[in-house]
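These are the residues of each chain, in order.
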12 protein chains.
Amino acid sequence: MTTVYILNGPNLNLLGLREPEIYGHDTLAGIEARCRAKAKQLGLEVVFRQTNVEGELVNQIHEAREKAKGIIINAGAYTHTSVALHDALRAVALPAIEVHLSNVYRREAFRHHSYISPAAHGVICGFGPQSYELALEGLAAILNNKGKA
Amino acid sequence: MTTVYILNGPNLNLLGLREPEIYGHDTLAGIEARCRAKAKQLGLEVVFRQTNVEGELVNQIHEAREKAKGIIINAGAYTHTSVALHDALRAVALPAIEVHLSNVYRREAFRHHSYISPAAHGVICGFGPQSYELALEGLAAILNNKGKA
Amino acid sequence: MTTVYILNGPNLNLLGLREPEIYGHDTLAGIEARCRAKAKQLGLEVVFRQTNVEGELVNQIHEAREKAKGIIINAGAYTHTSVALHDALRAVALPAIEVHLSNVYRREAFRHHSYISPAAHGVICGFGPQSYELALEGLAAILNNKGKA
Amino acid sequence: MTTVYILNGPNLNLLGLREPEIYGHDTLAGIEARCRAKAKQLGLEVVFRQTNVEGELVNQIHEAREKAKGIIINAGAYTHTSVALHDALRAVALPAIEVHLSNVYRREAFRHHSYISPAAHGVICGFGPQSYELALEGLAAILNNKGKA
Amino acid sequence: MTTVYILNGPNLNLLGLREPEIYGHDTLAGIEARCRAKAKQLGLEVVFRQTNVEGELVNQIHEAREKAKGIIINAGAYTHTSVALHDALRAVALPAIEVHLSNVYRREAFRHHSYISPAAHGVICGFGPQSYELALEGLAAILNNKGKA
Amino acid sequence: MTTVYILNGPNLNLLGLREPEIYGHDTLAGIEARCRAKAKQLGLEVVFRQTNVEGELVNQIHEAREKAKGIIINAGAYTHTSVALHDALRAVALPAIEVHLSNVYRREAFRHHSYISPAAHGVICGFGPQSYELALEGLAAILNNKGKA
Amino acid sequence: MTTVYILNGPNLNLLGLREPEIYGHDTLAGIEARCRAKAKQLGLEVVFRQTNVEGELVNQIHEAREKAKGIIINAGAYTHTSVALHDALRAVALPAIEVHLSNVYRREAFRHHSYISPAAHGVICGFGPQSYELALEGLAAILNNKGKA
Amino acid sequence: MTTVYILNGPNLNLLGLREPEIYGHDTLAGIEARCRAKAKQLGLEVVFRQTNVEGELVNQIHEAREKAKGIIINAGAYTHTSVALHDALRAVALPAIEVHLSNVYRREAFRHHSYISPAAHGVICGFGPQSYELALEGLAAILNNKGKA
Amino acid sequence: MTTVYILNGPNLNLLGLREPEIYGHDTLAGIEARCRAKAKQLGLEVVFRQTNVEGELVNQIHEAREKAKGIIINAGAYTHTSVALHDALRAVALPAIEVHLSNVYRREAFRHHSYISPAAHGVICGFGPQSYELALEGLAAILNNKGKA
Amino acid sequence: MTTVYILNGPNLNLLGLREPEIYGHDTLAGIEARCRAKAKQLGLEVVFRQTNVEGELVNQIHEAREKAKGIIINAGAYTHTSVALHDALRAVALPAIEVHLSNVYRREAFRHHSYISPAAHGVICGFGPQSYELALEGLAAILNNKGKA
Amino acid sequence: MTTVYILNGPNLNLLGLREPEIYGHDTLAGIEARCRAKAKQLGLEVVFRQTNVEGELVNQIHEAREKAKGIIINAGAYTHTSVALHDALRAVALPAIEVHLSNVYRREAFRHHSYISPAAHGVICGFGPQSYELALEGLAAILNNKGKA
Amino acid sequence: MTTVYILNGPNLNLLGLREPEIYGHDTLAGIEARCRAKAKQLGLEVVFRQTNVEGELVNQIHEAREKAKGIIINAGAYTHTSVALHDALRAVALPAIEVHLSNVYRREAFRHHSYISPAAHGVICGFGPQSYELALEGLAAILNNKGKA
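Residues numbered from 1 in each chain as written. Chains lettered and ligands numbered in written order. Predicted model: local features only at pLDDT ≥ 70, side-chain atom pairs only at ≥ 80, totals over all residues. Heavy atoms only, no water.

Asks: What should I look at first to understand the interface of chain B and chain A in this one?
Replies: How large an interface is tends to be reported as the accessible area lost when its parts come together. With 28 residues of chain B at the contact, the number on the chain A side is 28 residues. Carbon and sulfur atoms supply 51% of the area buried between chain B and chain A, which totals about 2300 Å² over both sides. Across the chain B-chain A interface, the total number found is zero salt bridges. Applying the counting criterion to the chain B and chain A interface returns 15 residue pairs in polar contact (both at pLDDT 80 or more). Secondary structure elements with two or more residues in the side of chain B that touches chain A: β5 (122-125) and α5 (130-143) of chain B. At six residues, the largest contribution of residues to the side of chain B that touches chain A is made by α5(B). Here the side of chain B that touches chain A is built from residues that sort into 14 nonpolar, ten polar and four charged. Sheet analysis places strand β5 (residues 122-125) of chain A next to β5(B), joined by three bridges and oriented antiparallel. Within β5(B), the residue paired with I124(A) across the bridge is I124(B). (Contact = heavy atoms within 4.5 Å. Buried area = accessible area lost by both parts, 1.4 Å probe. Salt bridge = Lys/Arg side-chain N within 4 Å of Asp/Glu carboxyl O. Polar contact = N/O pair within 3.5 Å; in protein donor to acceptor, adjacent residues only side chain to side chain. Helix = DSSP H or I, 4+ residues; strand = E, 2+ residues; numbered from the N terminus. Nonpolar A, V, L, I, M, F, W, Y, C, P; charged D, E, K, R; others polar. Pairing = 2+ DSSP bridges.)

Here it is in structure tokens:
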């Protein structure tokens with residue numbers, strides 16, 4: 001069975017508690033559950049992680065290199081500041097999907113630039129928890145050679 | 001039955017013929033077919049349009065205001081230069097999903113800014129024709145009140 | 001009798017329907033009526049147009065060159081992006097007044113620059129539909145040689 | 001009877017003497033006379049001031065707070081550099097109209113930005129002394145609740 | 001016989017009438033006549049078009065894709081603002097020559113950047129109507145494999 | 001007989017040897033031969049020079065002031081950095097044509113600005129050695145008063 | 001007894017009346033009273049001033065040079081635009097504390113830069129009237145050699 | 001008893017050892033002692049932490065959310081680069097005071113921007129260890145509802 | 001006898017007391033004495049003024065318009081921020097010399113731009129009090145028609 | 001025996017596996033071996049570390065303060081974003097050499113700025129693993145007082 | 001007798017011939033004569049040079065190091081582009097005066113920055129040939145220890 | 001025997017005499033001697049040159065194309081301004097090492113950008129004369145195919 005890593009960055013552990021007008025009322029556990037359900041439908045196995053430490057995200061991406069076939073990443077605030085994550089994604093060379101719960105382009109200017117995007121296969125933002133589900137579908141298609149090569 | 005408008009901007013009529021290393025080998029007709037199939041599954045009706053004229057895209061968005069419940073828009077090059085499309089989307093106040101075939105963030109710097117994004121509900125890019133299918137799913141969820149409000 | 005062209009750009013056809021907290025509740029038809037009334041007082045004939053297509057605005061400016069003595073233009077979103085309108089106004093060399101319903105300087109930064117202003121005789125913004133009436137007065141004075149030469 | 005303050009900033013005392021190719025041949029006294037005549041028609045009383053000191057302009061705006069219902073301000077060079085005037089207008093919260101004799105957008109780049117505009121109700125420029133008359137009409141309509149609320 | 005498209009953008013229809021100190025006294029009809037004469041010498045057939053609508057220029061470039069072997073384009077004001085024309089030229093992949101009547105680098109700063117140039121084979125500006133003739137020669141050489149590959 | 005100076009800047013002596021994928025396989029001697037042939041047709045005499053020293057280019061432009069009626073200049077890398085060449089061309093006040101072998105607008109950003117262009121009559125780039133021949137034609141027309149005055 | 005000058009810039013005279021959602025409901029007289037009470041505790045004498053004129057603030061800083069041992073300054077809008085105040089503080093070489101009622105970094109971008117800060121010993125902002133009391137404590141410690149030298 | 005978290009970022013463990021001409025001779029233990037003494041006076045309990053890892057600072061802020069009523073943070077170098085800390089402070093929604101030992105506005109330009117400030121209630125810098133004491137006073141007042149709401 | 005105004009801006013009254021390593025040990029009175037001595041040699045009468053208020057500098061320039069034939073101005077900090085002084089100098093249209101004691105180009109970046117310079121005939125900086133003497137010589141020559149017209 | 005710390009930042013653990021066209025085929029273990037061999041020749045002892053966590057790099061630099069006489073650091077992606085590493089190097093005040101395997105100036109623009117460089121003694125980049133060997137030589141010379149003081 | 005070098009950069013050999021509306025009608029020989037006359041009065045010997053080659057200006061500055069006590073330099077266009085001249089002036093450490101015939105701050109923006117100024121003692125511009133004479137006076141005073149140290 | 005060119009740019013002839021606190025006390029002759037000694041060890045022959053003329057540096061690079069296998073270049077001030085040197089290095093396509101005596105990243109901002117770096121194999125700076133020795137070692141390894149390919 002094919003494994004994909006779903007990696008979550010800083011402050012996402014507070015989801016549901018934090019600024020619900022921006023991020024909604026779902027908790028990260030709720031999102032994990034939705035991801036597992038969707039993955040099951042798609043025949044994928046999910047490793048689901050969260051950390052507030054940039055370097056641990058780098059470690060998890062490295063770990064995915066040997067254990068998984070693809071990555072879905074919501075790097076949170078590190079999206080906008082981390083060259084290290086950019087390099088990690090380039091280094092492991094797995095198809096990666098960047099996701100965000102909110103539409104980052106409607107928010108502060110410092111959230112409009114992403115170091116993840118140029119290292120990602122595709123980007124999905126603004127759909128709340130569904131962003132993750134859509135990303136799983138997209139990734140499944142790529143892994144099945146049905147998506148855009 | 002719920003109608004959604006799928007609007008396509010300049011040069012997308014040449015799809016499949018134009019720079020396949022960036023845009024893939026699918027034609028716009030092929031994408032339309034995939035959209036209609038996916039929409040049928042989701043219980044949606046699709047109006048599918050393409051134009052090279054910025055003002056006609058504005059007109060089509062206005063038309064959607066009375067005839068549809070949501071918009072999926074790939075504004076092509078006008079994404080990066082059109083305040084008029086931004087205003088049109090704001091004016092009609094329908095949920096709109098911005099899609100791109102390619103991951104625009106991997107391309108020239110002038111493609112990294114979008115006037116569509118801050119007027120859209122969500123953004124999906126980099127999945128080739130599947131970008132449209134994912135957008136339809138996302139839009140369906142919003143219309144069914146299942147997505148992020 | 002002296003004719004003036006009053007030209008309206010993209011999305012102004014939705015006036016009254018669109019974001020009334022910014023643009024007010026007047027419709028474009030209402031503004032046209034107010035303009036015709038004011039023009040009558042001033043002894044001017046009005047040609048009143050609206051289009052969503054940038055190039056048609058260019059055409060209408062060209063048309064004014066032979067049929068009118070002055071132009072009032074609310075170029076909407078094209079104000080901020082159109083060198084073509086700038087050039088058209090320069091080319092026809094009629095006195096032109098730039099108008100806006102809202103005070104554009106209180107809005108997004110991308111609305112603070114106008115390509116119309118340096119090609120216009122004067123600018124009036126922020127008075128809602130009255131902006132057009134004031135522009136007609138200003139234009140009448142110019143045409144009567146009573147305003148600033 | 002309703003009073004409005006008409007405030008004039010630095011160098012406007014030299015009007016008619018100074019660079020007539022930009023500012024015309026009218027003197028400030030001539031403009032004051034035109035303003036008084038127009039105000040009379042509109043049923044308004046005018047307090048007309050000029051000063052070269054930024055802080056005195058601030059003082060005059062504060063004075064208007066208790067003595068007037070609206071402000072017309074040509075802040076001259078301080079338009080482009082004075083956060084203090086911006087704050088003063090915000091603080092007194094009267095409807096204020098920014099006027100300029102010349103079309104500032106046809107001149108040096110440092111005249112294209114105004115700290116007054118985002119604190120003003122509307123802006124009128126390029127009509128010479130008539131700019132003030134149009135501003136009085138605009139202000140009268142606002143005070144009569146006939147203009148845009 | 002080899003056909004080339006000569007495409008003209010906004011305001012060029014007013015040539016000879018508009019700002020002759022910048023654009024000269026030649027009309028667009030005069031330029032067309034000079035182009036046809038020069039093309040005849042070079043054994044080329046010319047399709048000569050003008051439009052004020054950006055999207056129609058896109059359409060004409062697309063049309064050239066099937067009907068011509070090369071393009072000469074004076075996109076006027078759209079030169080500086082149109083990503084859509086950039087993409088259209090890239091999409092049709094014909095040799096294209098960018099021409100301007102005036103030396104755009106001696107004019108306003110906003111005319112110094114061209115979205116056409118990076119999608120063109122070569123650029124010629126500043127020679128008035130002769131710019132077109134030189135472009136025809138250059139294009140003929142490219143089509144005859146005599147120019148730089 | 002009318003003389004024109006054709007001046008070549010740094011590294012052009014290596015032409016044909018240097019990065020042929022950008023500059024082609026022609027040598028500078030080959031270009032000189034093509035220029036002399038074309039000049040003969042046009043009834044012009046050519047002085048053809050190359051130097052790697054910025055100040056010598058200045059000297060050669062000064063020399064042209066007394067000995068020639070026009071200048072064709074490919075200033076190579078100094079195009080982008082030399083105010084001295086700009087001033088020299090302004091000072092001698094001869095019609096000057098800027099040429100480049102490659103289309104500089106397709107290359108690094110630092111090659112997109114030219115100090116030569118605002119001091120030149122016209123610009124031709126991207127046609128390989130033919131750029132020089134087209135420049136000679138353009139210059140001949142100017143000198144014969146047939147081009148744009 | 002040690003004297004400190006507490007200097008207040010433009011529009012602070014309107015405190016309590018002006019935008020209370022930003023500046024709170026305290027009046028400047030109320031702040032003065034709190035300062036005098038706190039100063040008494042600290043064994044300091046206070047000279048408390050307010051002016052809307054930039055140059056008078058400069059004069060007051062100069063006056064402090066001979067009459068005081070330290071300065072607390074809320075330069076209001078001049079904070080962001082006045083090199084003259086910067087120079088005055090440098091010139092008198094007394095320890096100076098910059099205070100603001102609001103947290104200026106949460107407001108418009110033009111309030112994020114201060115010409116006062118690099119000429120000040122320390123900065124305190126966001127605590128409303130308490131900002132002044134904390135500044136007095138900080139200044140007292142400096143004057144008693146207990147703070148950071 | 002009310003608890004406040006005092007959090008210290010990278011390199012502050014070296015305090016007293018590191019560049020004393022900028023940071024003074026106090027050690028972090030010395031500052032902790034002064035904080036505890038001042039907190040005791042104010043009836044506050046203090047949790048005092050230092051870490052060099054950005055993500056651990058995020059964790060500590062999260063921890064404060066359940067265990068404390070307010071935060072004092074000297075994020076050191078992360079002040080200028082960490083969107084993650086900005087988001088963490090926003091997420092926990094406790095009153096937070098940003099402190100710095102030195103006046104950061106007198107130092108390198110890259111220290112003039114803070115991601116902490118717009119997420120903080122107030123900012124205090126330049127008072128050496130006393131910055132922390134003043135912050136405790138300010139925070140106590142906020143928690144006692146005596147400060148600016 | 002010909003009169004010239006020598007105008008001095010903010011903080012120059014502290015000269016000799018303020019930062020002598022930058023401004024030297026001369027007082028403003030000393031400079032006035034040197035100016036009067038030099039003016040006597042040149043057959044000029046001097047009016048010598050200093051003020052810390054920008055608007056008073058504007059007033060003094062206006063006064064010079066009727067009472068003097070030339071202006072020497074050291075606008076101090078207002079050099080870098082005052083459009084009003086720029087306009088005043090333009091308005092009175094007397095030859096004006098900008099002077100500075102220090103070489104402003106060796107100091108902070110915000111001192112490198114001058115609004116005075118484009119409105120002045122010439123600029124002299126870096127010679128301490130002698131800057132004024134050289135300016136008097138330069139102005140004398142202009143008034144005697146011996147300098148550059 | 002003199003100890004030097006050789007510190008390696010994020011993603012360098014993947015060396016040899018990651019983008020060999022940029023970083024070469026050597027592994028980090030191979031580089032460590034080459035360093036140990038070179039150090040032995042130079043009479044130096046080496047502590048060789050790698051971490052993906054920015055704050056751990058800070059910790060290791062602090063550790064070197066007591067245990068080593070010099071530092072060689074390849075901070076990888078943190079080079080371009082970490083003020084914390086800059087401060088750590090400043091704080092420990094040991095001679096530090098910045099190394100990179102690739103020539104960072106030939107890569108993306110965001111790799112052209114280094115926060116490490118202004119805190120380092122010297123910089124060596126582009127020599128692959130040999131960069132480390134050269135750095136060891138350079139550091140040995142500094143420690144032997146033979147290099148530039 | 002004390003020697004000073006007066007060095008002139010590119011295009012100054014054309015003085016009197018070149019753009020007299022900017023540079024006046026004096027020739028460089030005329031300026032040299034005026035300099036020699038003034039120098040004689042001041043008891044100085046003059047070496048007067050002109051070159052169009054940047055590196056020769058560097059050589060002449062180096063030469064002055066051994067043969068002169070001061071430098072007056074009009075580096076012409078190299079003023080704005082030459083770090084090499086900046087370094088040369090720094091290296092020889094003689095008092096240097098930067099002169100310009102025209103007021104460079106009234107001209108194109110690229111002439112507003114000088115690499116010479118921060119390496120010079122003072123700057124004089126806008127007085128035509130008299131700029132040199134004033135510079136000689138200024139330099140004489142410095143050498144006589146009468147000017148600002 | 002393999003020859004390498006060591007090229008030195010402007011002002012390096014003054015080494016040892018010029019600002020020793022930046023460049024050290026070594027003369028260029030001393031550096032040449034150290035280079036020759038080191039080259040001998042490495043089995044390389046050295047051609048060692050210095051010039052103050054940018055174009056001569058270009059000539060010397062061209063000369064190396066036929067006579068040498070590699071280049072070490074300290075272009076001094078031209079490092080930051082010369083596109084011509086960039087192009088020359090690209091043109092000759094020899095391995096080139098950029099060296100600097102000082103750590104340029106600790107100095108003025110205009111020294112932080114190098115046109116040489118993207119055309120070089122590697123960069124070494126900050127080691128004083130040893131920078132050249134390390135460059136020779138690096139170059140030797142490249143020529144022996146031992147360095148990074």
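Picking up after the structure, the text goes on.
Asks: What is the right way to read the sheet that holds strand β4 (residues 96-100) of chain G from this model?
Replies: In sheet architecture, strand pairing relies on hydrogen bonds along the backbone and comes in two forms, parallel and antiparallel. Taken in spatial order, the ten strands line up as β2(G)-β1(G)-β3(G)-β4(G)-β5(G)-β5(H)-β4(H)-β3(H)-β1(H)-β2(H) in an open sheet, and their pairing is mixed. The outermost strands of the open sheet, each flanked by one partner alone, are β2 (44-50) of chain G together with β2 (44-50) of chain H. For this sheet, the mean angle separating the axes of adjacent strands, direction not counted, is 20 degrees. As defined by bridge partners, strand β1 (residues 2-8) of chain G adjoins β2(G) across seven bridges and the pair is classed as parallel. Residue T2(G) lies in a different strand from β2(G), and its bridge partner there is L44(G). This element, helix α3 (residues 54-67) of chain G, spans β1, β2 and β3 (70-74) of chain G of the sheet and lies at about 175 degrees to β1(G). Of the strands in this sheet, β1 (2-8) and β2 of chain H touch helix α2 (residues 28-42) of chain H, which is tilted by about 165 degrees from β2(H). (Axes fitted to C-alpha atoms, helices over the stretch in contact; angles between N-to-C directions.)

These figures capture arrangement, not role.
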